[in-house]
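# Structural overview for review
Now for the letters of each chain:
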Amino acid sequence: MAPVFTAFSADGQRVNLAVIKHYAKFLAENGILGVLVNGTSGEGMSMTLEERKATTEAWIDASKSNGIHVQVQVGGTNMPDVLELTRHAESKGAHSILCLPELFNRPANAAELIEYLGAVGAAAPKTPLLYYHNPGYTSVNLDVPSFMTSAARAIPTFAGIKFTDTNLEMGIKCVRQDGGAHSVFLGCDYVLAGAFALGFSSSIATCLNLLPRLCNRILQAVQKGSVLEAREAQDTLNKAAQAITKNGKWVPAMKAAMKLLTGLDMGPARAPLQSLPDQHIPTLNKDLSDLKLL
């Protein structure tokens, strides 16, 4: 599942919805089975309520021609808007919903997080709900496997998590929790091979946008028992990610690389993020060429 970028106009003031149909076609043709809309890579927390709604609707509409699963991230804003985005996602036919924890008044324990997610789940009673575990971003740390068991008991629609953490010991416990009853998506590009080898089978990783075949090759290599092939593909992916981000922050740099690698222009990052300066584009182009990715 690709955590899709949001394409902005050159001045960063408007969302470019027109690119989404081409974006969806590209992903579907390159083996991507689903998209996460308005997540971290999509700069959802920097968008207005109406922009997030319009982007959700455009992706759901685009998915109808290619069967892509659309998951919508609804968190990262005030509670009334979180619930409004949740109701909207369900009403428009989103296939699943992902939600960050409250980012300012952070939950102090699993019980508080479950109460918060319970309200979100109640706003979309027919749609699977997943929790977005990203402690490096949210500073919400908890025993995730235990939380999953408790959340499933308390929230009828609870379906799993996005696990954006390099702690694969905890990650594989999440995969196996309650007999593997929950969906667990890995959110870390740098450890795909190790995670797949341990038992992960799903991922929501930024590089699936711009290097989908390379990322899929890692999973396929693990599935057929080719450790060396998986390691080599992961090494190439890591070198690419390092080259892309050496002169800029993760999302802005990945958006710049997206244009070089796919031809799809995602526009600038939205403030307060700063776009990758143009002076670094030639170096990025050379680095990706040296890796035989261009």
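How each quantity is defined
- Residues numbered from 1 in each chain as written.
- Predicted model: local features only at pLDDT ≥ 70, side-chain atom pairs only at ≥ 80, totals over all residues.
- Heavy atoms only, no water.
- Helix = DSSP H or I, 4+ residues; strand = E, 2+ residues; numbered from the N terminus.
- Rg over C-alpha atoms; globule rule 2.2 N^0.38 Å.
- Buried < 20%, exposed > 50% of the residue type's maximum accessible area, 1.4 Å probe, protein only.
- Contact = heavy atoms within 4.5 Å.
- Areas by Shrake-Rupley, 256 points an atom, 1.4 Å probe, with all protein chains shown as cover.
- UniProt positions renumbered as here; feature names shortened; annotations may be inferred.
- Polar contact = N/O pair within 3.5 Å; in protein donor to acceptor, adjacent residues only side chain to side chain.
- Disulfide = S-S within 2.5 Å.

### Observations concerning the overall build of the chain
Per the secondary structure count, the chain includes 13 helices and seven strands. Compactness check: the chain gives a C-alpha radius of gyration of 18 Å against a globular reference of 19 Å for 294 residues, within 12% of the reference. In terms of overall dimensions, the chain has C-alpha extents of about 50 × 45 × 35 Å along its principal axes. Taking all 294 residues of the chain together, the buried fraction comes to 54%. Taking the intrachain contacts of the chain between residues at least 6 apart in sequence as the baseline, contacts between residues at least 24 apart amount to 70%. Summed over all atoms, the accessible surface of the chain reaches about 12700 Å², with 51% contributed by carbon and sulfur.

### Description of the UniProt feature "active site" (unreviewed entry) in the chain
When the UniProt feature table is mapped to this numbering, "active site" (unreviewed entry) covers Tyr132 and Lys162. Spatially, the listed residues are clustered: although they cover 31 residues, their C-alpha atoms lie within 4.9 Å of one another. Take Tyr132: it is sitting in strand β5 (residues 129-133). Of the residues examined, Tyr132 reaches a relative accessible area of 2% and is grouped as buried. Beyond its immediate stretch of four places on either side in the chain, Tyr132 contacts Thr40, Gln73, Leu98, Cys99, Leu100, Pro101, Lys162 and Thr164. A polar atom in the side chain of Tyr132 sits 3.4 Å from the side chain of Asn134. Looking at where Lys162 falls in the secondary structure, it is placed in strand β6 (residues 158-163). Taking relative accessible area as the criterion, Lys162 reaches 5% and is therefore assigned buried.

### Here we look at the state of the cysteines
In the structure shown here, the tally under the stated rule is zero disulfides. Free of any disulfide, Cys188 has its nearest cysteine sulfur in Cys207, 11 Å distant. Classification of Cys188 as buried rests on a relative accessible area of 12%. The cysteine Cys215 is free of any disulfide, with Cys207 supplying the nearest cysteine sulfur at 5.4 Å. Classification of Cys215 by relative accessible area gives buried; the value is 3%.

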